[in-house]
Amino acid sequence: MSQSVRTRPEGSGQALSKAYDTALLDLDGVVYAGGLAIAHAVESLATAREGGMHLAYVTNNALRTPDTVAGHLTELGIPTGADDVITSAQAVARLISEQVPEGSRVLVIGGEGLRVALRERGLQPVESAEDEPGAVVQGYGGPELPWGRFAEACYAIARGVPWYASNTDLTIPSARGIAPGNGAAVEVVRIATGAEPQVAGKPLPPMHRETILRTGAERPLVVGDRLDTDIEGAFNGEVDSLLVLTGVTDGAQLLAAPPRHRPTYVDADLRGLLTGQPEVVDAGEGFRCGGWTATAGAERLELDGDGEPLDGLRALCAAAWTVAGEGVCELETGKALARLGF
């Protein structure tokens, strides 16, 4: 992917599962939500895998171990081995191991996924600031994480112990809606200490490096639902991306995306892996995709035509991103999106 400013989603004459050798799939909001498989995910991934595409699951959620994640996916009907799962816990454990002596104690504010990843790197997880840790690491610990764990982090950080975070996602999808993520917990410690953590997870380079090291992907496609983690991570790694609209990103957020948040492709769900992608054409009077033409008026984006709603959304992206350039589109988009059902 070029780092030049993207002004429209790209087309592909090939199915994406044929154009790329490896799908780097986010989990929450892409494959499942609240532990339940998202519609079309199981069968789409099976077809992509049978066609020769390597599937790797890349998650910022540091709570569960790769074994646990793989077991969950297998139960959902997606056969997966632990080696196919890459977590932000693994990325942050590698980052810590490169900066502290081998065998160092690390104060863990989070779940078992962090502890397993630290041991894999020869580090020793501990539970208290009084255990003389050489580092503090914070990752998503689930809704039952005790408030006192944040105090332990603050005590250690105040003594000068370096602080690391698996990721800073402010929210996480659940079966009941959007819940606070690790980023919200990191903010608690940041406010209390005034310190800044080193962060490993998406969209930052340590996570991309961990993913490539573990998968060996040569032509990867990042597949995600979040602009500020999945899509920005692909941008930072200079690889292509597919945004699926099964998670937290809605049409208005997509149209207002700055360059680093603009995906290469946009589709409704994981069935998009199995198809080509329609081309968005500059038709002079506007941007055309399928039966739709989108134009930028003085105050709002306009949409004419009829056809598949996704084609209209792709055309609107081209109009919005072209007007915005390196900035953010500030034109009113609600009427056009409502016409498409987004």
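Use the structure listed above.
Counting from 1, residues in each chain are numbered in the order their sequence is written. This being a predicted model, a pLDDT of at least 70 is required before a residue's local features are given, and a value of 80 or more before pairs of side-chain atoms are given or counted; all residues contribute to the totals for chains, interfaces and linings. Only heavy atoms go into the side-chain values, all of them from the structure, while hydrogens and water stay out.

Asker: Can you help me understand the pairing of strand S13 (residues 220-224) in this one?
Answerer: Within a regular strand, side chains alternate between the sheet's two faces. The buried count for S13 comes to five of five residues, which makes it a mostly enclosed element. Taking every second residue as pointing to the same face, both faces of S13 are buried, with Pro 220, Val 222 and Gly 224 on one and Leu 221 and Val 223 on the other. For two strands to be treated as a pair, DSSP must find no fewer than two bridges joining them. Helical segments are the DSSP runs of H or I of at least four residues, strand segments are the runs of E of at least two, and each set is numbered from the N terminus. With four bridges connecting them, strand S1 (residues 22-25) and S13 associate as parallel partners. From the neighbouring strand, Thr 22 faces S13, where its bridge partner is Pro 220. Pairing between S13 and strand S14 (residues 240-244): four bridges, direction parallel. Looking at the pairing, Gly 224 lines up with Leu 243 of S14. Burial classification: accessible surface area is computed with a 1.4 Å probe over protein chains only, and a residue below 20% of its type maximum counts as buried, one above 50% as exposed, and the rest as partly exposed.

Asker: So what exactly am I meant to see when it comes to the side chain of Asp 240 here?
Answerer: Position of Asp 240 relative to the elements: it lies in strand S14. Positive charges come from Lys and Arg alone, negative charges from Asp and Glu alone, with His and the N- and C-terminal ends not counted. Think of a salt bridge as a Lys or Arg side-chain nitrogen and an Asp or Glu carboxyl oxygen that are within 4 Å of each other. Within the buried core, Asp 240 has no salt-bridge partner, and the shortest N-O distance to an opposite charge, that of Arg 6, equals 4.5 Å. Here a polar contact means two N or O atoms within 3.5 Å. Within protein one must be a hydrogen donor candidate and the other an acceptor candidate, and residues neighboring in sequence count only if both atoms are side-chain atoms. For Asp 240, the side chain forms a polar contact with the side chain of Tyr 20, separated by 2.6 Å.

Asker: What am I meant to see in the sheet that holds strand S19 (residues 301-305) here?
Answerer: Note: strands within a sheet are paired through backbone hydrogen bonds, in either parallel or antiparallel orientation. Reading across the sheet, the four strands line up as S16-S17-S18-S19 and stay open at both edges, with antiparallel pairing between neighbours. Of all strands in the sheet, those bounded by a partner on one side alone are strand S16 (281-282) and S19. Relative to S19, strand S18 (residues 292-296) runs antiparallel, the two sharing five bridges. Within the sheet, the bridge partner assigned to Ala 294 lies in S19 and is Leu 303.

Asker: Which parts of the structure should I look at to understand the side chain of Gln 138?
Answerer: Position of Gln 138 relative to the elements: it lies in strand S8 (residues 135-138). Gln 138 sits in the buried class, given a relative accessible area of 1%. For Gln 138, the side chain forms a polar contact with the side chain of Trp 163, separated by 3.3 Å. In this structure the side chain of Gln 138 is engaged in a polar contact, spanning 3.1 Å, whose partner is the backbone oxygen of Ala 185. In what follows, residue pairs with any heavy atoms lying within 4.5 Å of each other are defined as contacts. Filtering out sequence-adjacent residues up to four positions away, Gln 138 remains in contact with Ile 109, Leu 114, Phe 150, Trp 163, Tyr 164, Ala 165, Ser 166, Asn 182, Ala 185, Val 186 and Val 189.

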